[in-house]
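Understanding the architecture of this molecule
Single-letter residue listing:
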Amino acid sequence: MRDAQAKPTQAGPAENGRFDAVIVGAGFAGLCMLHRLRELGLSVRVFERGSGIGGTWFWNRYPGARCDVESMEYSYQFSEELQQEWNWSERFAAQQEILRYLEHVADRFDLRRDIQLDTRVSSAVFDESAGRWTIETDGGARASAKFCIMATGCLSSTSTPRFAGLDSFAGPTFHTGNWPHAPVDFSGKRVGVIGTGSSGVQSIPLIARQAAQLFVFQRTPTYTVPAHNHPLDPGVQERIKGDYAGLRRRAAQMPFGFDTRPGEKLALEATAEERRAEYEDRWARGGLPFISGFADLLYSKDANDTAAEFVRAKIREIVRDPRVAEMLSPRQVIACKRLCIDTGYYETFNRSNVTLIDVSAAPIEAITPRGLRTKNAEYELDCIVFATGFDAMTGALLGIDIRGRGGLSLARKWAEGPRTYLGLATAGFPNLFMITGPGSPSVLSNMVPSIEQHANWIARCIAYLREHELARIEPTALAEDAWVEHVNEVAGGTLFPSCNSWYLGANVPGKPRVFMPYLGFPAYVQKCDEVAAKGYEGFAATP
Ligand code: N01
C-alpha cells in the first residue's frame, strides 16, 4: 500500500507555501473537495496525517471491516464515467475494496500531486490583517491559505478508555480504528476484545475463528441485524448503472440519504401480525433498512419496543445458552446507539472458545501485565483489542489548535458543545469550512453523498465570493444560534437522546452532552440550497 502511495506525483513538503485553499484530510471528503476546487482553478494543498490516502478506510483495517451502506450507494456521483467504470464485487464492500476505489479515484483525477502525506496539521490560525489562514504541521512546516477546509472525518480520533495500568500489559494491544498494516495473527492466542459497537460486532466473529480463546468484554449489549452480504450480481449492477442518476435522486429523498425503503405505516397502527411480517422481511433482506420498517420507530418508545423485542427474540433463537442470550439482549431503544449490521455476530457466542463477560455491573478496573481485571475476576490474555470507538465529530477538529478572529480558539468556543451554522462553518472563523461538521446530517446519513453535497456547496460558495469580489465569509451569530436550536429541537423530537451514545458525546468522559448530527437529509439539502440561493443568507460576507 505504501508503495502505491509513494508515487512521484505526490506533493512535496509545503515549506512556506501559499495556496488559495488548504484541505486537512485525504479521505472521501478531502479528495472530493480537492477535485472540486481544482475545477475552480484554485491552488490547493491537502495535508494528510496518514502515510496513505483513504481516511477511515486507511485506518480501520481490523478483521471484518466493511461498510454498512450498500456499495452501489457508498460511492461518489460527481463523475458519471467513474460511476460507470467502477465495479463493486460485493453488496457491502470490505475495507480493502473501498480503499482500492479511493486509490483509483486519486489516480484517475490526478489528485496525488496536491496531497502531502505523513503530515499532521497541528494548528490553523486566522491572520486578520492578511485575511488568511496560517496552517502549521507537526513537522514544523507552514502554509498560508485564504480558505481552510477541515475534511477531518467524523470518526477519526480514536478513543481508548484510561484504564489503570493501560501501559503495563506485556502483550500487544490493538485499537480497531488504528489497526496495523501488517497482518495480525491471533492463532493459538487468548484474546480479549473490549467493546461491542460496530467495530466489535464486525471483528469479533473473525477473531473468534482464529483465536484459541476469545473473551468479549461487553458493557452495553448491541442490536445488530444480519448483513446478508453476498457477491454483487453483475446483472443487478448493470441495471443500476443503466439509471444511476435515478438511484441517486431517489436516495436523496430518503431521510438518511440512501435507500432504506422507509415504511409509511405506524408500527402502533399495524397489527402484531403485520409488524412481525415486516420485521421478518427486513431481517431476511438484511442491513440498516430494518429500522425504517415503520414511520414511528425512532419517535415512539412503544413503537420502538416492538422492533427491539423482535431482535431480542431473534437473539434467543440464535444463541443456545439462555443465560448468554439474556446477557446479549439490549434493553435500550433500538437504533438509539447506531444500529450494527453483522455476519454471524450472535452465532459467535455459541462457540466453545468464546466467553462473554458483562462489565456493566462489574467494570474493568485495570489492565494488568498479564491481562485484565474486572471488579469480579482476573483474565489472562495474550492480546487485547480495544474496539472502544471514537471521540466522534469534534475530536479530530479539536485536536487541531484552530484560532479565528481575535485569537478565539475553537476549543473555547465549543467548550459547552459544538456550535455551527449548517455544520459547515462557525461564527468567528472566517473562510473556515467543515465537511460533515456537527450540525449536519453526516453520521445520520450515507456519508459519501453528504460529503459530496458539502464539497459542492463549499465550492459554489467560494466561486460566489470570487464572482462578487468578496474576501471573507462567516456565519452570523444569530443564524448559528437559530441553527443550533433547530438541530436540538429535531433531535429532541426523536428517541435518539435517550441513551448514552457517541452521537451525544456520552462515550468520552467530560465531553459535553450535545446531540451532534442533524436528522433529515432532504430537508437539510433544501435548507443549504435556499441559503445559497438567497445570497448566503445567515452568513456575513465582506470585501
Ligand atoms: O465504537 P462504539 P465503534 N469499558 O462507540 C465500549 C462507525 N463504524 O468503533 O456502549 C467497557 O460504537 C462501548 O460500551 P458502551 C459507526 O458509525 C461503522 O464500534 O459505551 N466498554 C461500546 O460497546 C459506529 O457507530 C462500521 O457501554 C467500553 C464500544 O466500546 C462508529 O463507527 C464499522 C468502555 C464502542 O463502540 C463507532 O463504532 C465500524 C469501557 N470503559 C464503525 N468504553 C460500519 O459497519 C467504551 N466501551 C460501516
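Just so it is clear, the model here is predicted, and its values are computed rather than measured. (Residues numbered from 1 in each chain as written. Predicted model: local features only at pLDDT ≥ 70, side-chain atom pairs only at ≥ 80, totals over all residues. Heavy atoms only, no water.)

1. What to know about the overall build of the protein
Our working definition: The numbering of helices and of strands both runs from the N terminus, where a helix is a DSSP run of H or I of at least 4 residues and a strand a run of E of at least 2. A radius of gyration in this sense is built from C-alpha atoms; the matching globule rule multiplies 2.2 Å by the number of residues raised to 0.38. Under the scheme applied here, a residue whose accessible area is under 20% of the maximum for its type counts as buried, over 50% as exposed, and between as partly exposed, the area being computed with a 1.4 Å probe on protein chains only. Whether two residues are in contact is decided by their heavy atoms: any pair within 4.5 Å suffices. Charge counting follows a simple rule: Lys and Arg are positive, Asp and Glu are negative, and His as well as the terminal groups are ignored. Here the site of a charge means NZ on Lys, CZ on Arg, CG on Asp, or CD on Glu.
Of regular secondary structure, the protein possesses 17 helices and 20 strands. The C-alpha radius of gyration of the protein comes to 23 Å, within 12% of the 24 Å expected for a compact globule of 543 residues. Overall size of the protein, expressed as C-alpha extent along the three principal axes, is 70 × 55 × 45 Å. Counting all 543 residues of the protein, 59% fall into the buried class. In the protein, the share of contacts with a sequence separation of at least 24, taken over all contacts with a separation of at least 6, comes to 73%. For the protein, the centre of its 59 positive side-chain charges and the centre of its 63 negative side-chain charges are spaced 3 Å apart.

2. Some details on the nonpolar core
The criterion, for reference: For the purposes of this section, nonpolar cores are sets of buried Ala, Val, Leu, Ile, Met, Phe, Trp, Tyr and Cys residues that join through side-chain atoms within 4.5 Å.
Core analysis: the largest hydrophobic core is formed by 136 residues, its most contacted members being F28, L37, Y76 and W457. Broken down by element, this core gets its largest block of residues, 10 residues, from helix α15 (residues 447–467). If we ignore the near neighbours within four places in the chain, the residues touching F28 are W57, Y74, Y76, I98, Y101, L102, V448 and I451. The next biggest cluster of nonpolar side chains, apart from the first, holds 22 residues, and it includes F47, F126, W133 and I400.

3. Focus: the site of the ligand
The line we're drawing: The rule for a residue being near a molecule or strand is that one of its heavy atoms must lie within 4 Å of it. By the criterion applied in these results, polar contacts are pairs of N or O atoms within 3.5 Å in which, for protein atoms, one can donate a hydrogen and the other can accept it, and in which residues neighboring in sequence qualify only through two side-chain atoms. Surface exposure here means Shrake-Rupley accessible area, sampled with a 1.4 Å probe, where a residue is shielded only by the protein chains that are shown.
If you check the shell around the ligand, you find 23 residues, and the closest are T196, S199, R219, T220 and K337. Here an oxygen atom of the ligand sits 3.0 Å away from a polar atom, N or O, in the main chain of S198. Here an oxygen atom of the ligand sits 3.1 Å away from a polar atom, N or O, in the side chain of Q202. About the coverage of the ligand: the protein hides 87% of its 920 Å² of free accessible area.

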